[in-house]
Amino acid sequence: MERYEHHTAITQNRFCPFKLGRIVENVEDVFNWHKNIEFILVTDGEGFIRYGTDEIHLEKGNMFLVSSNIMHRLYSPGKFEFYYFIIDEGFCLENCIDISKYYLEPKVCDEELNALYFAMAERFKAKDKEDNPLAVLGLRAAVLDLLFYVFSHYAKPIEKDDAATHAEQFIKKAVIYLGEHYTENITLEDIASYCGVSRFHLAREFKSHTGQTLFEYVNMLRCKKATLMLSDGMSVTETAYACGYESLSYFSRVYRKRMGVSPSNLKA
């Protein structure tokens, strides 16, 4: 369960290496990061994004600009509608933008930018419907308009902070490790050893960057997995042990606290 997103599918379309999607539901993502930049436009409801060491509130009309390789996680207490648009780094390089060298201002409230975003989305729909050279050209032109505006108004060159960069590197390693081993009986020592740092340093920096302790994050992963298993018909007992819990009662308490419903009620 590696949390680096490769976005390999978008590179298969040489002329339109983009991905546009829409989410209409409450959200609780895991942490992820990717080389490609991503633009998130909220169309209804409200939610939060954990971004670096910050927790940022998002509501209708806000756009969030995700820079290259920065860890982020979206979550919401209720209904949260948004579009996301991912642009391949290769397309940016072909058009003279090295996204690895820029930091994008994250939260933006800009009606002109939103209009450019919706214009791009319409071009995207037209291309899917017609799929001819002119439709492709129109989409590429709309994406370039969007990129030009973003990098003209909301981009600045990255100033490297070696200490921050080192922390981000081992926290990403920790996220990957947890994603691969969260159903096992892992300890703080196991994770720290894998990351090559002390237990204290790992625990402090992980909480600073994610807003969660390591084991709060593990419980989130386990509960998300448990929800899928219960929905597929697995019993509560089987689910608890499959997700790494040695005590059925402890699993039920954690699940109820985290998900707002007992696993037995979800099962029913």
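What comes next concerns the included structure.

The rules we used
- Within every chain, residues take consecutive numbers counted from 1 along the sequence as written.
- A pLDDT threshold of at least 70 governs which residues receive local features in this predicted model, and a stricter bar of 80 or more applies before side-chain atom pairs are shown or counted, although totals over entire chains, interfaces and linings include all residues.
- Calculated side-chain values reflect all of the structure's heavy atoms, with hydrogen atoms and water omitted.
- Labels follow the DSSP assignment, with helices taken as runs of H or I lasting at least four residues and strands as runs of E lasting at least two, numbered in each case from the N terminus.
- For the radius of gyration, the atom set is restricted to C-alpha positions; the globular benchmark scales as 2.2 Å times the number of residues to the power 0.38.
- Partly exposed residues are those whose accessible area sits between 20% and 50% of the maximum for their type, while under 20% is buried and over 50% is exposed, using a 1.4 Å probe and protein chains only.
- Contacts are assigned to residue pairs that have any heavy atoms within 4.5 Å of one another.
- Note on areas: Shrake-Rupley with a 1.4 Å probe; residue coverage comes only from the protein chains shown.
- Expected span, for any helix, means 1.5 Å times one less than how many residues it has.
- One side-chain nitrogen of Lys or Arg within 4 Å of one carboxyl oxygen of Asp or Glu is enough to make a salt bridge.

This part is about the overall build of the chain. Scanning the chain from N- to C-terminus turns up ten helices and nine strands. The C-alpha radius of gyration computed for the chain amounts to 20 Å, which stays within 12% of the reference 18 Å derived for 268 residues, consistent with globular compactness. Along the first, second and third principal axes, the C-alpha set of the chain runs to 60 × 45 × 35 Å. Expressed as a percentage of its 268 residues, the buried residues of the chain come to 46%. Contacts in the chain between residues at least 24 apart in sequence constitute 75% of all its contacts with a sequence separation of at least 6. Looking at the chain as shown, the accessible area adds up to about 13,900 Å², and 50% of this sits on carbon and sulfur atoms.

Once that is clear, we can look at helix H7 (residues 214-231). Counted at 1.5 Å a residue, the expected span for H7 with its 18 residues is 26 Å, and the 26 Å between its end C-alpha atoms agrees. Among the residues making up H7, those that are buried are Leu-214, Tyr-217, Val-218, Asn-219, Met-220, Leu-221, Arg-222, Cys-223, Ala-226, Met-229 and Leu-230. Gly-233 sits one or two positions beyond H7 and adopts a positive phi of about 100 degrees.

A separate point is the pattern of salt bridges. According to the stated counting rule, one finds nine salt bridges in the structure shown. Two residues, Lys-79 and Glu-81, come together in a salt bridge whose shortest N-O distance is 3.0 Å. Here Glu-205 and Arg-204 are joined by a salt bridge, their closest N and O atoms 3.7 Å apart. Residue Glu-205 is classed as buried on the basis of its relative accessible area of 15%. Through salt bridges with shared partners, a single network forms among Arg-22, Asp-44, Lys-79 and Glu-81.

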